[in-house]
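Geometric and topological summary
Read off the chains here:
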Amino acid sequence: MKLGIMGLAGSGRSTIFEALTQNHGAESRKVEDRTASVKVPDLRVDDLAALYQPSKITYAQVEYLLPAFTTGAERKEGADVFNYVRNCDALLHIVRNFSNNGSGPATPREDFLKLERELIFSDFLAVDKRVERMNAERAKNKKIDEQELELLTECRKVLEKDAPLRSRPELAGAPKLRGYAFISAKPMLALFNNDDSDTTAPSLGDCFPSGPCEVVRGKLERELAQMQAEGAAEFSREFGIEQSAMDRVIRRSHQLLGLISFFTVGEDEVRAWTVKRNSTAVDSAEAIHSDIKKGFIRAEIVSYDHLIRCGSEQEAKRKGLSRLEGKTYLVQDGDIICFRFNV
Ligand SMILES: Nc1nc2c(ncn2[C@@H]2O[C@H](COP(=O)(O)OP(=O)(O)OP(=O)(O)O)[C@@H](O)[C@H]2O)c(=O)[nH]1
Ligand SMILES: [Mg+2]
């Protein structure tokens, strides 16, 4: 599961990538794609670790991709201009909201819309071409997938109105359309990259209705990411950074991908496991090992809140707060699970 970073030239993509991934690197490397896996900060994991004092602590992870060659001038004309994030599961759209580096006043709403319209147009070209071709085939009495054509025609209507496919979840998630990997169908987080002294989010008005947004001060955050713990604490105080904004962005990224975490606990290891929302217990078992799925008997579950409140699994059990669930149970974010299986 991977997030692709996009944004207009000079919006701060490299800066944000380095802040997110603590990747010390040259200011702007354009020759190669850069990817990095980042641990998802999770206070629940910290609390569980305090309770179990395990030898090993493992957090969930998300992966970021900073594609090379992403600025307008370098892109080819045509429907495949966004191929560089085609195989990403979600997008981080960096929007410049800083002006103190000589790049002129920030125009976040305009900038956001500029790229958003490009995304929409790129999908429109692909859809339009496909619809025309299918119609032509049908006219020649060739057999076509009528359902697919219907869905694509609906997509075209949406895109014609300058709306992204993500605004229509039933289209964005339609299994028949998955192979097209439409860019405007991918979940997107808008990330405003602010001046050092500014922590407010600009308004996107109605051009990103109910879309998730975060504000970061990219330059500050990159400096913070490159500091040693001690200096970082001092620096955070000085600039009023309460909890690293990047932690928030990473957590939001994890959610944006439609992922949740369940935990396994013990003296050996406290570990967060990542599964798609609405995964069953038996499929979640597979995240750990295919044998656990094969030999699945039951899942013993206590919620994070109950476990922390009770202080131990035994106490949670005594209070009747731990449950035995079967294969089809839908795992909830924050479940602490002990799988019973037999191989
Ligand atoms: N003041 C301020 N300047 C920033 C911020 N983020 C980035 N910059 C500056 O803006 C310029 C562009 O930042 P980059 O991170 O290189 O942006 P980019 O999107 O990767 O740009 P290109 O790859 O060159 O298209 C650099 O001079 C950065 O130092 C920020 O949060 N505040
Ligand atoms: Mg760059």
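Notes on the structure in this doc start here. Computed from a predicted model, the values in this text were never measured in an experiment.

Let us look at the nonpolar core. Formed by 39 residues in total, the largest nonpolar core has its most connected members in Leu 3, Ile 5, Leu 20, Val 62, Tyr 64 and Leu 92. By residue number, the principal contributor to this core is helix α8 (residues 245-256), which donates five residues. Residues in contact with Leu 3, not counting those within four places in the same chain, are Val 62, Glu 63, Tyr 64, Leu 65, Cys 88, Ala 90, Leu 92, Ser 253, Leu 256 and Leu 257. Formed by 21 residues, the second largest nonpolar core is a distinct cluster that contains Leu 8, Phe 82, Phe 112 and Leu 119.

Taken together, 19 residues lie around ligand 1, and Arg 13, Ser 14, Thr 15, Asn 100 and Asn 193 are the ones closest in. Here an oxygen atom of ligand 1 and a side-chain polar atom of Ser 14 are 2.8 Å apart. With respect to ligand 1, the backbone of Gly 218 contributes an N or O atom lying 3.3 Å from an oxygen atom. Notes on ligand 1: free accessible area 640 Å², of which the protein chains cover 84%. Going through the elements one at a time, α1 (13-21), β6 (188-194) and α6 (218-225) are the ones with two or more residues in the shell around ligand 1. Here the shell around ligand 1 gets three residues from one element, more than from any other, and that element is α1. In the shell around ligand 1, the residues fall into three nonpolar, twelve polar and four charged.

Let us now look at the pairing of strand β1 (residues 2-7). Burial within β1 is extensive, with six of its six residues counted as buried. Because side chains alternate across β1, one face comprises the buried residues Lys 2, Gly 4 and Met 6, and the other comprises Leu 3, Ile 5 and Gly 7, equally buried. Sheet topology note: the β1/strand β4 (residues 61-66) ladder contains three bridges and is parallel. Paired with Gly 4 across the two strands is Leu 65, which belongs to β4. Sheet topology places β1 next to strand β5 (residues 90-97); five bridges connect them, and they run parallel.

All right, on to the pattern of salt bridges then. Within the structure shown, the criterion is met by 27 salt bridges. Two residues, Arg 44 and Asp 42, come together in a salt bridge whose shortest N-O distance is 3.0 Å. Each member of the pair, Arg 44 as well as Asp 42, carries the same accessibility label: buried. With its nearest N and O atoms 2.7 Å apart, the salt bridge here joins Arg 156 to Asp 128. Of the two residues, Arg 156 is situated in helix α4 (residues 146-160) and Asp 128 in helix α3 (residues 108-139); the sequence distance between them amounts to 28 residues. A single network of salt bridges, built from pairs that share partners, joins Glu 154, Lys 157, Arg 168 and Glu 170.

Right, let's get into the packing of aromatic side chains. By the definition in use, this model includes six aromatic pairs. Consider the rings of Phe 262 and Phe 339, whose centres lie 6.1 Å apart with planes at 85°: the pair is edge-to-face. You can see Phe 262 sitting in strand β8 (residues 259-264) and its partner Phe 339 sitting in strand β12 (residues 335-341), a full 77 residues away along the chain. Relative accessible area serves as the criterion here: at 10%, Phe 339 is assigned to the buried category. Each member of the aromatic cluster is reached from another via a ring pair, and the members are Phe 262, Phe 296 and Phe 339. The ring of Tyr 59 has Lys 39 sitting right over it, with the charged end atom 4.3 Å from the ring centre. One Lys or Arg, Arg 271, reaches over the ring of Trp 273 and ends 3.9 Å from the middle of that ring.

Let's shift gears to the sheet that holds β6. Strand order in the open sheet made by the six strands is β2-β4-β1-β5-β6-β7, with mixed pairing throughout. Among the strands making up the open sheet, the edge pair consists of β2 (34-39) and β7 (213-216). Taking each pair of neighbouring strands and ignoring which way they run, the sheet shows an average axis angle of 25°. Strands β1, β5 and β6 of the sheet are contacted by α3, whose axis makes an angle of about 150° with β5.

With respect to the helices, strands and loops of the structure, Arg 298 is situated in strand β10 (residues 296-303). Residue Arg 298 is classed as partly exposed on the basis of its relative accessible area of 40%. Sequence-wise, Arg 298 and Arg 340 are 42 residues apart; in three dimensions their C-alpha atoms are separated by 5.2 Å. Excluding its chain neighbours within four sequence positions, the residues that come into contact with Arg 298 are Leu 324, Glu 325, Cys 338, Phe 339 and Arg 340.

Regions of empty space are outlined by a rolling probe, equal in size to a water molecule, passed over the atoms. Of the voids in this model, the largest pocket is the one considered here, and its volume is about 680 Å³. In terms of residue count, the dominant contributor to the lining of the largest pocket is helix α5 (residues 169-172) (three residues). Its residues assigned to classes, the lining of the largest pocket comprises 15 nonpolar, four polar and six charged.

Turning to unusual backbone geometry, a few remarks are in order. Phi at Asn 141 takes a positive value of approximately 65°, unusual for a residue other than glycine. Its place among the elements puts Asn 141 in the loop between α3 and α4. Of note in this structure, Ala 181 is not a glycine but carries a positive phi near 50°. Residue placement: Ala 181 occurs in the loop between α5 and β6.

Analysis parameters
Residues numbered from 1 in each chain as written. Chains lettered and ligands numbered in written order. Predicted model: local features only at pLDDT ≥ 70, side-chain atom pairs only at ≥ 80, totals over all residues. Heavy atoms only, no water. Core = buried A, V, L, I, M, F, W, Y, C linked by side-chain atoms within 4.5 Å. Buried < 20%, exposed > 50% of the residue type's maximum accessible area, 1.4 Å probe, protein only. Helix = DSSP H or I, 4+ residues; strand = E, 2+ residues; numbered from the N terminus. Contact = heavy atoms within 4.5 Å. Near = heavy atom within 4 Å. Polar contact = N/O pair within 3.5 Å; in protein donor to acceptor, adjacent residues only side chain to side chain. Areas by Shrake-Rupley, 256 points an atom, 1.4 Å probe, with all protein chains shown as cover. Nonpolar A, V, L, I, M, F, W, Y, C, P; charged D, E, K, R; others polar. Pairing = 2+ DSSP bridges. Salt bridge = Lys/Arg side-chain N within 4 Å of Asp/Glu carboxyl O. Phe/Tyr/Trp six-rings, centres within 6.5 Å; stacked < 30°, edge-to-face > 60°. Lys NZ or Arg CZ within 6 Å of the ring centre and 35° of its normal. Axes fitted to C-alpha atoms, helices over the stretch in contact; angles between N-to-C directions. 1 Å grid on protein atoms, 1.4 Å probe; cavity = no way out; pocket = protein on both sides within 12 Å on 5 of 7 lines; lining within 4 Å. Points joined across faces, edges and corners; volume = space filled by probe spheres on them.

By themselves, these are just geometric observations and shouldn't be taken as functional.
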